[in-house]
Structures are given as C-alpha cells and as structure tokens.
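As a plain string of letters, each chain reads:
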Amino acid sequence: MRKLFGTDGVRGTANTHPMTADMALRIGAAVGRYFRRDNGGVHRVVIGKDTRLSGYMFENALTAGLTSTGMNVLLLGPVPTPAVGLMTRSMRADLGVMISASHNPAHDNGIKFFGPDGFKLSDQVETEIEALVASGVEPAPADSIGRAKRIDDARFRYGERVKSSLPRDLGLEGLNVVIDCANGAAYRAAPEILWELGATVIPVGVEPDGLNINRKCGSTNPEVAAQTVVAHGADVGICLDGDADRVILIDETGAVADGDQLMALLATRHAQDGRLAGNALVATVMSNLGLERHLKGHGIALERTAVGDRYVVERMREGGFNLGGEQSGHIVMTDYATTGDGLMAGLHFLAEMVRSEQAASVLARQFEPVPQLLKNVRYGDGEAPLDAPGVRAAIAAAESDLSGRGRLLIRKSGTEPLIRVMAEAEDEALMHRAVNSVVEAVEDVSVG
C-alpha cells in the first residue's frame, strides 16, 4: 500500500512529512534512478512550479536528488502544470516534475510527475518509485553528476501551443474577459495569451507574493472574479486554480458554471463536428446526473471513473477517447494536451462564444443540474474513520433512503485529510438529510 503518493503525486504541508526538503531530495534521487535505468546517453528532466514560497526549497532539493543520479535538470520556473506535460514530451525529457499543490492553500505543496510521453505516471510506476525511496539509491559516479540550467522561453512555448489549439482564423476581438489567475502559475501566461488573441483583458489574481496563491481568488474562490465581471460589464470570466490545470467559468451576469457545464458544451459541439472520439465523454463519479441525461439526449455516452484527472486520462487512453474531465474544472482534450488545461478549455469556450455569437450565460447553461450537495469533513491524525460502526450504519441508512431516488458517494480525499460526502436527489430535503446524517456520524467519531 502506497504511503507517499496520493491521487495526484505527493502532497502535504510544507516542512512537514512527507513534504520536507529531505524527502524531496530522496524522491528526486529515486525517480531519477527509475527513469535513468541505463548508464549511456543523455538523460534530462524538466521541472516547473507554481508561485508558492516553498517552491524554491523543493526545486533545489529535487534538483539535488535528480542530478545526484546523473539526470540533467531543465528549470522552467513558474508555469502551468499542462506546460510541464507539454515540455516533457517536446524537449525529449525522460521525466517531468511539477511542484504544486494545485488549489490548496499556500502552506501546502506537492510534487507531480510526468513520464516521457507527457502523461502522469501510473499507480504501478509510483509504487515502484516509492519502493526506491524506502530502500535508497546509489548515486552516480562523480564524473557523471547531472547539470542544471534554466529555460527562459517555457512560458512562450506553452502559449504558442495553447493558441494553436484554436482555429487559425479565430480572434477574440471585441470580447472583454476577466481572467483570474489565482496568484498562481499562470499569472503571466494567461493574460498574455488572451491579449495576443485580441481580447480586452481584465486581470485578477496576478500579484503573487509566495503566500497568497488561491487566497480569495481562483477557481475555488470565484467571488471576486464574479464581482469584477459585473463591475466591468465583461462578457465572461475565466477562473484558474494555482497551477492552472482547472477552470471555472463566470457568465456576464456573474453566475458561476462548473466543469460539467463546460464538458456538456464541448462534447455536444465536438459530436456535431464529428470530432468526439468514441462518441463518448469521460468524467468521474462526481459529475452531475444532469450531465449524463443531457449527453444521453444527444446520443453521447458518459464513461465514469474514480475521482482524479489522472484516472480520467487513463480511461481516455484505454478507450481511445479525446475529451474528458471533472466537475471541479479539469478539462482534458488529448488532441492538444496530456493533462487538464484550464486556460485551453477556457479559450475553447470563448471560441464557441465567437462562433455561435451567443452570450456566456446561454452557453454555460447546457443542462439543468440535479440538486447535488457536497460536504467535506476534516478528520485528525490517522486513518479516515470510514470503517467505524456508527459511520458505516449512517452510510447504509442514507443509501437505503436514497435507493431509487438518488445516489450517495463517500470518498476520502487523496490530497487532504478530508472525507467528502456527496448526494444527488430531486428531493432536496432527502438529499440534505442523507448528507448531514453521514457528516454527523463522521464528526462524532473524529471528535470522540
């Protein structure tokens, strides 16, 4: 059973196990040894990061571990997570590393890995790397230590790739766009790209200080961006998270639209154009039942996976699908990218606004969602209390009440000490009772 890796790499509070400089060095050495399995040739790894203060520490520690095994390190600086996937493949690197805790607060950080194909590592590979961390690795001989250098044009390479995913003749002239970069990795790239495409750009969350990433901004806190859209009379708002791999949209009225609505739009549009591979969308168990009904009405299948964009991508690759994502805003278009790209997805929404000449409020409301309630319960040290008798009884009772009238989903977060309790039902009173009963049972065990 893995102890280091969660659903999206290694993550935790900075300077607390496992997110310490010492552990980052050991992980760097282990992953360097894993991907440098022979002693010949040139081996390289690209490292990107977001804007967290602790990113400097982890960048240095990972570089030390990687170069100790003979890997040459290319430092990209602050770039979106999808840029690391892109650069890993385009620069013929053996490995890509992103230092980020995504939408988490600044005191957290994480390490995500990409293989030479630009896709995130599988569970099996992560398990093998974890074993190397535990056992330790032999460093390279003194004359084989790797080198490190900075790459200055990573942001521009990424920008050109994102723009190339749009039709050549498409321009965004006349669109007033609020872009909220969450004081994170895309704080320079996103406004530049939008401006280059012709939009009038109103930036939010573009003044990172190392401690304000995701603070009262970004995809998990879209209130300020929504207010900015209304105050400036903007046509649309695009909210990214700290590493810019997810997006939440805001229409001209200030209303917020999640990833399900964007996936519904893209899937139906791709299907109309004959570009939806397998005539299916891949989404997680968290996606709204309304999305499933909407797709079915258009003759499109919905493939559901476990929560995590990595599992969405794995299913897409297995089934040959080219569109997938999560309700939280990870949108994956494998025709253009190897992982979720919030900015790219937002640009494709803007492209549809231009093509259809319809307002964001029309395009961002593709279906009527089934009432859905999600609550997070934080627990203390140790294992999540899901096997406690009181919790199991509460879950069984809630499932019985919802049987035939809705659904209940209980899962442990892979990145935080949280249990997520979600229910869907047309009967909102029933939905609230089901969620609250499970939440109270978990809280009773946690407090007790």
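Residues numbered from 1 in each chain as written. Predicted model: local features only at pLDDT ≥ 70, side-chain atom pairs only at ≥ 80, totals over all residues. Heavy atoms only, no water.

Moving on, we come to the sheet that holds strand 17 (residues 406-412). Hydrogen bonds along the backbone pair up the strands of a sheet, which may run parallel or antiparallel. Across the sheet, three strands lie side by side as 16-18-17; this open sheet has antiparallel pairing. Both outer strands of the open sheet, strand 16 (372-378) and strand 17, are each paired with one neighbouring strand and no more. The average undirected angle you get between the axes of adjacent strands in this sheet is 10°. Relative to strand 18 (residues 418-425), strand 17 runs antiparallel, the two sharing seven bridges. Opposite I410, over in strand 18, you have V421 as the bridge partner. Its contacts with the sheet put helix 13 (residues 389-402) on strand 17 and strand 18, and the angle it makes with strand 17 is roughly 155°. (Pairing = 2+ DSSP bridges. Helix = DSSP H or I, 4+ residues; strand = E, 2+ residues; numbered from the N terminus. Axes fitted to C-alpha atoms, helices over the stretch in contact; angles between N-to-C directions. Contact = heavy atoms within 4.5 Å.)

Before going further, it helps to examine the pattern of salt bridges. With the rule as written, the count across this model stands at 27 salt bridges. Residue D309 pairs with K120 through a salt bridge whose shortest N-O separation is 3.0 Å. Residue D309 is found in helix 10 (residues 309-319), and its partner K120 is found in the loop between strand 5 (108-114) and helix 4 (123-135); the two are separated by 189 residues along the sequence. For R310, the salt bridge is made with D123, and the minimal N-O distance between the two is 2.7 Å. Taken together, the residues span a long stretch of sequence, with R310 in helix 10 and D123 in helix 4 at a distance of 187 residues. Among the residues examined, D123 registers a relative accessible area of 30% and is labelled partly exposed. One network of salt bridges, in which partners are shared, links D8, R11, K112, K120, D243, D245 and D309. (Salt bridge = Lys/Arg side-chain N within 4 Å of Asp/Glu carboxyl O. Buried < 20%, exposed > 50% of the residue type's maximum accessible area, 1.4 Å probe, protein only.)

Our focus in this paragraph is the packing of helix 6 (residues 189-196) against helix 11 (residues 342-356). Two elements in contact, helix 6 and helix 11, have axes separated by 11 Å at closest approach and are oriented at 25°. Taken as axis vectors, helix 6 and helix 11 run roughly parallel relative to one another. As for how helix 6 packs across helix 11, the hand of that crossing is right-handed. Contact with helix 6, carried on its side by A190, I193 and L194, involves L343, L347 and L350 of helix 11 and no other residues of that element. Taken together, the residues of the contact of helix 6 with helix 11 break down into six nonpolar, no polar and no charged. (Parallel < 35°, antiparallel > 145°, perpendicular 65-115°, else oblique. Left-handed = near helix turned anticlockwise from the far one by under 90°. Nonpolar A, V, L, I, M, F, W, Y, C, P; charged D, E, K, R; others polar.)

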